[in-house]
Amino acid sequence: MKDVKVVQYGCGKMSIYTMRYVLENGGQIVGAIDINEDIIGKDIGEIIGCDNLGVKVTKVEDAENLLKEIKPDVCIVTTMSLMNDVKDALLLCAKLGINAITTCEEAFYPMNSSPVLTKEIDRLAKENNCTITGSGYQDAFWGNLITTLAGTTHKITKIKGSSSYNVEDYGIALAKAHGAGLSLEDFDNEIASADNISDEERNLIIEKGEFAPSYMWNVNGWLCDKLGLTVVNQTQKCVPQTHDEDIESSTLGMTVKKGMATGMSAVVTTTTKEGIVLETECIGKVYSKDDCDKNDWTIYGEPDTNLVITRPATVELTCAAIVNRIPDVISSRPGFVPTSQMGELKFIKK
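Bear in mind that the values here come from a model prediction, so they are computed numbers and not experimental data. Along every chain, residues carry numbers that run from 1 in the direction the sequence is written. In view of the model being predicted, local features appear only for residues whose pLDDT reaches at least 70, and side-chain atom pairs are presented and counted only at 80 or more, with totals across whole chains, interfaces and linings using the full set of residues. With hydrogens and water set aside, each side-chain value is computed from the structure's full complement of heavy atoms.

1. So, the packing of aromatic side chains
What characterises a pair of aromatic rings is the spacing of the ring centres plus the angle enclosed by the ring planes.
Step number 1: We call Phe, Tyr and Trp rings a pair once their centres come within 6.5 Å, taking the six-membered ring for Trp, and we label the pair stacked below 30 degrees between planes, edge-to-face above 60, and tilted otherwise. In total, this model carries seven aromatic pairs according to the counting rule given.
Step number 2: Centroid distance Tyr137 to Trp142: 5.8 Å. Interplanar angle 90°. Geometry classified as edge-to-face. Residues Tyr137 and Trp142 agree in their burial class; the two are buried.
Step number 3: Through successive ring pairs, a cluster of aromatic residues spans Tyr137, Phe141, Trp142, Tyr165 and Tyr215. Accessibility here uses a 1.4 Å probe with only protein chains present; expressed as a share of the type maximum, an area under 20% marks a residue as buried, one over 50% as exposed, and anything in between as partly exposed.

Next up, the structure:
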């Protein structure tokens, strides 16, 4: 990481950690980009919480000129959760031949949810000799930890996983994508109804680039890719989460009333040609005082193995994974390359 030049694209909550981790690993933040008028023009030191560093946040309209001028080694994109929402940033990096890594959850394995857009990014990245990928918390806790356990197993019949996280930690776009703050009727109309379709209808939506996958949709694709499994069928179901008391949400700027959706549970079920079933769930909601992050996975077979991690520091782990992946991105082959094809995450020795 020493002297690696990084541009931070998106200067919200996650960037506080990604920028600091880059600097503490010997890298350089040479530019920053955002759409928020309240932080455009600010020195990144003010965002991180340190002395001014001489790098000011540039408005997104000037992103191309900035990237052309400083030509960084890699761009970290920490903005939204869906490929359609980050496509401008990723396509721009691919066009300019700049490596990019994003926290966008769909970008973890977008081949199974946004194939047309992913192929376009892949084509441009190959033409311009750069690598685009997605990483974060799921790279380890929903990915490499699970495939490592699979490597100690003689026979597998099912992989079952569940992970929970507080949508308050990730910003308003993610909270709204989970239906937080909606009435149950609105949740059903705006979130759940999208999955009450046939496989044929879903495949058509995917080909059109209009599918909104839950996080585990792409995780299951990543796991199958890493394990060499052939997907036969995949479905998802989104269920609202509620609480028996009112909960204040600073991210939504509202009180989520008793009985309203605090977020959702999304369950993705994947069947494979090899007979292994993956059933994975992510629970994203506005936490009550009794809730905490949890990661719970079981591999069923010979033998059964259960892995439980309670209270992981999800935000920090996400950002550390992004920064620790940077050397892999720089050394990878050109194209859109999922981290399932980059090997295990490695700690960067300080």
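2. Some words on the nonpolar core
Step number 1: Core analysis: the biggest nonpolar cluster contains 73 residues, and Val6, Val22, Trp142, Tyr165, Phe187, Trp297 and Ile326 have the highest contact counts within it.
Step number 2: Remark: nonpolar core denotes a set of buried residues (Ala, Val, Leu, Ile, Met, Phe, Trp, Tyr, Cys) joined through side-chain atoms within 4.5 Å. Residues Val77, Leu96, Ala100 and Cys104 belong to the second largest nonpolar core, which totals 27 residues.

3. Structural notes on the pattern of salt bridges
Step number 1: When a carboxyl oxygen of Asp or Glu is within 4 Å of a side-chain nitrogen of Lys or Arg, the pair counts as a salt bridge. Counting across every chain of the model gives 16 salt bridges.
Step number 2: As a salt-bridge pair, Glu279 and Lys158 come within 3.3 Å of each other at their nearest N and O atoms. A residue pair is termed long-range when its members are at least 10 positions apart, and Glu279 in strand E12 (residues 277-285) and Lys158 in strand E7 (residues 155-166) qualify at 121 residues.
Step number 3: On the basis of relative accessibility, which here comes to 24%, the residue Glu279 falls in the partly exposed class.
Step number 4: Judged by relative accessible area, which is 26%, Lys158 ranks as partly exposed.
Step number 5: The closest approach of N and O atoms between Glu344 and Lys226, which form a salt bridge, is 2.9 Å. Helix numbers and strand numbers start at the N terminus; a helix is a DSSP run of H or I with at least 4 residues, a strand a run of E with at least 2.

4. Let's talk about the sheet that holds strand E5 (residues 99-102)
Step number 1: Strand order in this open sheet of seven strands is E3-E2-E1-E4-E5-E6-E15, and the pairing throughout is parallel. In the strand order of this sheet, the two ends are held by strand E3 (57-59) and strand E15 (335-336), each with one partner.
Step number 2: In this structure, strand E6 (residues 131-134) lies alongside E15, joined through two bridges in parallel fashion. Paired with Ile132 across the two strands is Phe336, which belongs to E15.
Step number 3: Packing against the sheet, helix H1 (residues 13-24) makes contact with strand E1 (5-9), strand E2 (28-34) and strand E4 (74-77), and its axis sits at approximately 165° to E2. Two strands form a pair only when DSSP identifies at least two bridges running between them. For this analysis, residues touch if any pair of their heavy atoms sits within 4.5 Å. Between N-to-C directions, angles cover 0 to 180 degrees, with each direction set by a line fitted to C-alpha atoms, over the stretch in contact for helices.

5. Comments concerning the pairing of E6
Step number 1: On E6, burial covers both faces: Thr131 and Thr133 on one face and Ile132 and Gly134 on the other are all buried.
Step number 2: Bridge analysis of E5 against E6 gives three bridges, and the strand direction is parallel. For Ile101, the partnering residue across the bridge sits in E6 and is Thr133.
Step number 3: By convention, a crossover is right-handed whenever its connection, traced from the first strand over the helix to the second and viewed with the strands pointing away, goes clockwise. Tracing the backbone out of E5, into helix H5 (residues 115-127) and back to the parallel element E6 gives a crossover that is right-handed.

6. Some details on helix H11 (residues 314-331)
Step number 1: An ideal rise of 1.5 Å per residue puts 26 Å on 18 residues; H11 measures up with 26 Å between its terminal C-alpha atoms.
Step number 2: In the structure, H11 departs most strongly from a straight axis at Arg325, where the bend amounts to approximately 35° and where the proline Pro327 lies between one and four residues downstream.
Step number 3: Among all positions in H11, only Thr314, Val315, Thr318, Cys319, Ala321, Ile322, Val323, Asn324, Arg325, Ile326, Asp328 and Val329 are buried.
Step number 4: Those residues of H11 that are buried lie in contact with E1, H1, E4, E5, E6 and helix H6 (137-150). An expected span of 1.5 Å times one less than the residue number is assigned to each helix. Axes are fitted to the seven residues ending at a residue and to the seven starting at it; the angle between these axes is taken as the bend at that residue.

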